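As a plain string of letters, each chain reads:
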Amino acid sequence: MAEKLSGDARAEALASLSSWTQAPGRDAIQKTFRFKTFNQAWGFMTRVALAAEAMDHHPEWFNVYNRVEVTLSTHDAGGLTSLDVALAKRMDRFAEDLG
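What you are looking at is a predicted structure, and each value in this text was computed from that prediction instead of being measured.

1. So, the packing of aromatic side chains
Then comes step 1: In total, this model carries 4 aromatic pairs according to the counting rule given.
Then comes step 2: Ring geometry for Phe33 versus Phe44: centroids 4.8 Å apart, planes at 40 degrees, classification tilted. Of this pair, Phe33 sits in strand S2 (residues 29-34) while Phe44 is found in helix H2 (residues 38-55), placing the two residues 11 residues apart along the sequence.
Then comes step 3: Three or more aromatic residues joined by ring pairs make a cluster, and in this case those are Trp20, Phe33, Phe35 and Phe44.

Right, dumping it as structure tokens:
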């Protein structure tokens, strides 16, 4: 099981992410991705779903048309872990590929 990030490790991990913010009232990070079309948003979600399944680490997300709102936290660890950071980085790369 992944361990919660704290101290310098947490600060470094968060600094390595682009446009992810602390989720209010939770030990989690969040980001909203916007795409040109619903098809691009759905393609992004499909790529993320396959990666998340391979990692056995699944996002909380919400989709409306071209917008995908994501929250990442490791429930088993009770907060933010390296799994969340790794998945966030993959999501950013997938979004860049579609942009």
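2. Let's talk about the packing of H2 against helix H3 (residues 82-98)
Then comes step 1: Viewed as axis vectors pointing N to C, H2 and H3 meet at an angle of 150 degrees, and their least axial separation amounts to 10 Å. The angle between the axes of H2 and H3 places the two elements in the roughly antiparallel class. Viewed along their axes, H2 and H3 form a crossing whose handedness is right-handed. Contacts from Gln40, Gly43, Phe44, Arg47, Val48, Ala51, Ala52 and Met55 of H2 reach H3 at Leu83, Ala86, Leu87, Arg90, Met91, Phe94, Ala95, Asp97 and Leu98.
Then comes step 2: Within the contact of H2 with H3, the residues separate by chemical class into 12 nonpolar, 2 polar and 3 charged.

3. A short note on unusual backbone geometry
Then comes step 1: Phi is positive for Ser19, close to 70 degrees, though the residue is something other than glycine.
Then comes step 2: Residue placement: Ser19 occurs in the loop between helix H1 (7-15) and strand S1 (21-22).
Then comes step 3: On the basis of relative accessible area, Ser19 is assigned to the exposed category, the value being 54%.
Then comes step 4: The phi dihedral of Tyr65 falls on the positive side, at around 45 degrees, and the residue is not glycine.
Then comes step 5: Mapped onto the fold, Tyr65 is located in the loop between strand S3 (60-64) and strand S4 (67-72).

4. Regarding the pairing of S2
Then comes step 1: Only one face of S2 is buried: it carries Ile29, Lys31 and Phe33, and the other face, with Gln30, Thr32 and Arg34, is open.
Then comes step 2: The pairing of S1 with S2 spans 2 bridges and is classified as antiparallel. In the sheet register, Thr21 faces S2, and the bridge partner there is Gln30.
Then comes step 3: Between S1 and S2, which pair antiparallel in sequence order, lie 6 residues; one of them, Gly25, sits at a positive phi of approximately 70 degrees.

5. Re the sheet that holds S4
Then comes step 1: Taken in spatial order, the 4 strands line up as S1-S2-S4-S3 in an open sheet, and their pairing is antiparallel. Each edge of the open sheet is held by one strand with a lone partner, namely S1 and S3.
Then comes step 2: Seen against the sheet, H2 touches S2, S3 and S4 and runs at an angle of roughly 160 degrees to S3.

6. Focus: the pairing of S4
Then comes step 1: Where S2 and S4 come together, 6 bridges link them in antiparallel fashion. Residue Arg34 lies in a different strand from S4, and its bridge partner there is Arg67.
Then comes step 2: For S3 and S4, the ladder comprises 5 bridges, and the chain directions are antiparallel. What sits directly across from Phe62, in S4, is Glu69.
Then comes step 3: From the end of S3 to the start of S4, which pair antiparallel, there are 2 residues, and Tyr65 there has a positive phi angle of about 45 degrees.

Rules behind the numbers
All chains use their own residue numbering, which begins from 1 and follows the written sequence. Local features in this predicted model are restricted to residues of pLDDT 70 or higher, and side-chain atom pairs are both shown and tallied only at a pLDDT of 80 or more, whereas totals for entire chains, interfaces and linings draw on every residue. Values shown for side chains rest on all heavy atoms present in the structure; no hydrogens or waters enter the calculation. The criterion for an aromatic pair is that two Phe, Tyr or Trp rings (for Trp, the six-membered ring) have centres within 6.5 Å, with stacked assigned to planes under 30 degrees apart, edge-to-face to planes over 60 apart and tilted to the rest. Secondary structure elements are defined from DSSP: runs of H or I of at least 4 residues count as helices, runs of E of at least 2 residues count as strands, and each element is numbered from the N terminus. Interaxial angles span 0 to 180 degrees and are taken between N-to-C directions of axes, which are lines fitted to C-alpha atoms, for helices over the stretch in contact. Between 65 and 115 degrees an angle is taken as roughly perpendicular, under 35 as roughly parallel, over 145 as roughly antiparallel, and anywhere else as oblique. The sense of a crossing depends on the near helix, which, turned anticlockwise from the far helix by less than a right angle, makes the crossing left-handed and, turned clockwise, makes it right-handed. In what follows, a contact means two residues having at least one pair of non-hydrogen atoms within 4.5 Å. Gly counts as polar in this scheme, as do all residues outside two lists: the nonpolar Ala, Val, Leu, Ile, Met, Phe, Trp, Tyr, Cys and Pro, and the charged Asp, Glu, Lys and Arg. Here the term buried applies to any residue with accessible area under 20% of the maximum for its type, exposed to any over 50%, and partly exposed to those in between, with areas from a 1.4 Å probe on protein chains only. Think of it this way: DSSP has to see at least two bridges between two strands before they count as a pair.

On their own, these measurements won't tell you what the molecule is for.
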